[in-house]
Amino acid sequence: MLVDLQGPWSPLFGRLTLASIPYSNPIIIFAFVFTALAGLAVVVPVLYYRKVGYIFREWLTSVDHKKIGVMYIILGLVMMFRGFVDGMMIRTQQVMADGPHSPGVMEAQHGYLPPSHFDQIYSSHGTLMILFAVTPILTGLGNIIVPLQIGARDMAFPTMNAISLWLTAVGAMLIMASLFIGDFSDAGWVGLTPLTELPYSPSVGVDYWMWAIQISSIGTTLNAINIITTIVGMRAPGMRWDRLPIFTWTTLSTNIIGLTAFPILGVALALLGADRYLGTHFYTAGLGGNLMLYTDLFWIWGHPEVYFLVLPSFGILSEVIATFSEKPLFGYITMVAATFAIAGISWAVWLHHFFTMGAGPWVNTFFSVATMLVGIPTGVKVFNWMFTMYRGRITYTTPMLWSVAALILLLVGGLTGVMLANPAIDYTVHNSVFVIAHFHCMVLLIAFTIFAAVIYWYPKVFGYKLDERNGTWFFATFTAGTAITFTAMFGLGFMGETRRLDYLYDPSWQPLLIVEELGIFVYVLSCYFFCRMFYVSIRDRNLNRCGADPWGTSRTLEWMTHSPVPFYNFAVTPHVNARDELAFRRSVGADETPPDHYEAIHMPKNTMIPVLIGVLAFGFGFGMVWRIWWMAGLSLLGIIALVIFRSFVHDHGYLLSGEDIARMEGKASQMSIMSETQDEMAMAEGVH
Amino acid sequence: MDAQVPRDGKLPPLWHYGHEGHDEISTKTLGFWLYMISDSLIFGGLFAAYGVLDQPMSFAGGPGPAQIMHPVAAFGQTLAVLTSVLAYSLGTLAMKTNNKAGVLLGIVGAMVLAVIFLGLEFNDFAVLYAHGATLQRSGFLAAFFILIATHGLHMMFGLLWMAVMLVQVGRYGLSKEIVMRLLNLRLFWQFQASVWVCVYIYVYLRGTFS
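Residues numbered from 1 in each chain as written. Chains lettered and ligands numbered in written order. Predicted model: local features only at pLDDT ≥ 70, side-chain atom pairs only at ≥ 80, totals over all residues.

**Here we look at the overall build of chain A**
The number of helices and strands found in chain A is 21 helices and three strands. Taking 26 Å as the expected radius of gyration for a compact globule of 688 residues, we find that chain A reaches 25 Å, a close match to that expectation. With the principal axes as the frame, chain A shows a C-alpha extent of 75 × 60 × 50 Å. For chain A, with 688 residues in total, the buried portion stands at 55%. Taking all contacts inside chain A whose residues are at least 6 apart in sequence as the whole, residues at least 24 apart take part in 83%. (Helix = DSSP H or I, 4+ residues; strand = E, 2+ residues; numbered from the N terminus. Rg over C-alpha atoms; globule rule 2.2 N^0.38 Å. Buried ≥ 20, exposed ≤ 12 C-beta atoms within 10 Å, placed from the backbone. Contact = placed C-beta atoms within 7 Å.)

Take a look at the structure:
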């Protein structure tokens, strides 16, 4: 062992002992029971209806970009729920632990969470929400929509797409495992050095955090390669660059950021890993370590990551607002230019995350000006959306409600962001909950557009609309919760509350803390309406079946194929003639003109390799966290062996004949993403 | 910019029949170039870390660059990695005449030279360790070892890839798919040599004469 572990270690189980399982903590027992019941609620029906084979054949081994996207989004929504529960626990602790006379229950002196447990909860809240909720959902949306918007059959590398999904899922599973086996990092989601070093964080918490992010970000990098290649190389004939839908443009820019930013995060975490596993001194407090190196490397990834998340949101806004204003998007070229301007500037602003850490006035000035520059292209975008709505025929469907509310959040978050970009102001409010309220406005804007996108594109993937009535209630309660919680939080920031406090010393904060807690209750109501929206929609699905264009005013290519989209996307590849192809076809009365005949389509075959790589990656991550070297080593060798094995398999997929397509097109409205495609594959002409 | 309906009322083509016409090889090559971009960012991050830690405060009283660098020893490694690329490229030239033996010979030559490179590097590390300049000694030495070892790991990965390609060329001949893999491997191999040139200049030459 190169490092001093401060605890037992055995060759067979590494650092894992029975004492690692926190069975004496009632909160964790409750979380375990809840998770286990939720897991059983999924597993038992699958076993009861004998659907194991179906799940395995049609989902786990699928290389279909739509199914992979749906799995990404489900993963993200589940993780978002867990992140929300974390947020709820943080708020409840703070409202209980205000003032010296506040009572303490269980092991806590104030509130109900002891400091180390509270620290783990805010660390996992941030990690989950950014990397395992919002990132997978946006990746999933890009996966589903981009190939449809550019008229492609699938992603450029379907198998690698599935590998990306499973690596992301492994990261999420490692974080879930940390809840019940061992603990999670208590050093914040940013991993404050040198607190994350082994002497100060001797438990496995930081290792869980590090490997979960490391493994899932490899998945994100591979996905970025895949999406960029797809957009560059797989566009339908006529889909020139100046006709690319804005969502595809923003996904392209976002993945250029992802491709170039995530390797830096990989380096930052790998060097931390070297410190913790090999005993090096990159970020240590002594022997020549430099903790600012970590802070810089982390935020060189961290700030582009913010735009990695927000740019697809801007794309969603552009699509939804144009559709429900019945007008082409105002200022297409400026929109694209603004997107890439934001992506470019995103590389030159990272230091504004630590203005107060002694960079000096000139460096701060440079990054301050660069940060304020972001406001210009963002302003261009906001005006473009407003001019799109101006004199349009606006219908306030739920996606449009979410989008308009998102614009207001963007305004609040953006203006407070410009305030924070000024170092003089930042010196006053840094590390206060004012900053927290600011970036929650921005990330919630992303969440708002995510809900807009899920509701907007849901009928495309599943073939029926979501219930508007419960959807409106969901929107109203979620927006009210946001407004109540974060308005109060801005106020508390000005009153001097700093972030990450498990005990608050000032009793005069109590009223606003109670307001925040009320906001959380409203959020809980919104969870109810969210579930009810899905329950009612699925129950009444046969009443709400829809055609190719469920909204009636959609403009882009994805609305030209059936809803639900058949597994081959388009029976015949569309020839693109205009920027808003469907709107163009509608205007000339050609939107329902079908192809006159069908030709054979070449399709990729499902494969077990991605899910096996996922299992081995989990073995590797778990083995590294607990320092079970045989397990980590064998898993890594297994992954390499699988990749080499795959390079020897000559699998060219299968050919779907024109007659089969004609037959399936005839009954397309009864098909769904849930039905078995294996029968169709068996009927196909076989491998060629 | 948007399409207009022609005056005679005839519509432009709406559907594209037949094969989509996406070139599989150019798609895969683009994907590989994008992977190389992400890989170069990894080295960029490591070079940045080395630049930050290459200063007296981070020597922590241990040896600095002038004490541990030897430009002549590293020059041997430079020669090995560059001739390895030359051997591989001569091998890919043989593809033009469909000369399978020439391709195999080029790959074997590249592998031998890469093994020599790694042997020299290992020897270099062993000498440093014998003098107490270890990975754990200081922030500077950590940055030095991790940067060089990351490059070394890439070289080992390249060796493994070449071994696989030897088998595949032998088994499947110079098919379209195999040629594409060989060309991507050449890109990878040349990239490792380029990284080594940066290492040689930025770490060894700059270190020796600092």
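There is more to say after this.
**Quick notes on the packing of helix 6 (residues 205–233) of chain A against helix 1 (residues 24–53) of chain B**
Interhelical geometry of helix 6 of chain A versus helix 1 of chain B gives an angle of 140° and a closest axis separation of 9 Å. If you check the angle between helix 6 of chain A and helix 1 of chain B, you find them oblique. Helix-helix and strand crossings are classified by hand; for helix 6 of chain A and helix 1 of chain B the assignment is right-handed. In this structure, helix 6 of chain A uses Thr221(A), Ile225(A), Ile228(A), Thr229(A), Val232(A) and Gly233(A) to contact helix 1 of chain B, whose residues at the interface are Ser26(B), Thr27(B), Leu30(B), Gly31(B), Leu34(B), Tyr35(B) and Ser38(B). Classifying every residue of the contact of helix 6 of chain A with helix 1 of chain B by side-chain character gives six nonpolar, seven polar and no charged. (Axes fitted to C-alpha atoms, helices over the stretch in contact; angles between N-to-C directions. Parallel < 35°, antiparallel > 145°, perpendicular 65-115°, else oblique. Left-handed = near helix turned anticlockwise from the far one by under 90°. Nonpolar A, V, L, I, M, F, W, Y, C, P; charged D, E, K, R; others polar.)

**Quick notes on the interface of chain B and chain A**
Of the residues lining the interface, 41 residues belong to chain B; the matching set on chain A comes to 47 residues. At the level of secondary structure, the elements contributing two or more residues to the side of chain B that touches chain A comprise strand 1 (15–16), helix 1, helix 2 (56–59) and helix 6 (139–172) of chain B. Counting residues per element, the side of chain B that touches chain A draws most heavily on helix 1 of chain B, which supplies 15 residues. The residue makeup of the side of chain B that touches chain A, split by class, is 27 nonpolar, twelve polar and two charged. One ladder, built from two bridges, connects strand 1 (residues 573–574) of chain A with strand 1 of chain B; its direction is antiparallel. Within strand 1 of chain B, the position partnered with Pro574(A) by the bridge is Trp15(B). (Pairing = 2+ DSSP bridges.)

**Quick word on the nonpolar core**
All names here are of chain A. In this structure, Val134, Ala268, Phe448 and Ala452 are the most contacted members of the largest nonpolar core, which totals 229 residues. Not counting residues within four places of it along the chain, the set of residues in contact with Ala452 comprises Ile316, Val320, Pro399, Trp402, Ser403 and Ala406. Counting eleven residues, the second-largest nonpolar core is a separate cluster that includes Ala571, Tyr598, Ile661 and Met664. (Core = buried A, V, L, I, M, F, W, Y, C linked by C-beta atoms within 7 Å.)

**A short note on the packing of helix 11 (residues 375–389) of chain A against helix 12 (residues 398–420) of chain A**
Residue and element names in this part refer to chain A. Taken N-terminus to C-terminus, the directions of helix 11 and helix 12 make an angle of 160°; their axes are 12 Å apart at the nearest point. Compared by their axis directions, helix 11 and helix 12 come out roughly antiparallel. Our pair here, helix 11 against helix 12, has a crossing hand that is left-handed. Contacts from Gly375, Thr378, Val382 and Trp385 in helix 11 reach Leu407, Leu410, Gly414 and Val418 in helix 12. When the residues that make up the contact of helix 11 with helix 12 are grouped by side-chain class, the tally is five nonpolar, three polar and no charged.

**Here we look at helix 11 of chain A**
All names here are of chain A. The terminal C-alpha atoms of helix 11 lie 21 Å apart, and with 15 residues this matches the ideal 21 Å at 1.5 Å per residue to within 8%. Residues of helix 11 that are buried include every one of Pro377, Thr378, Lys381, Asn384, Trp385 and Thr388, and no others. The arc that holds every buried residue of helix 11, seen down its axis, measures 115°, which confines them to one face. For helix 11, the exposed residues lying more than 90 degrees away from the buried face are Ile376, Gly379 and Met386. The inward-facing, buried residues of helix 11 contact helix 8 (291–325), helix 9 (332–345) and helix 12. With its phi angle positive at about 60°, Arg391 sits one or two positions after the end of helix 11. (Expected span 1.5 Å × (residues − 1). Arc of directions from axis to C-beta.)

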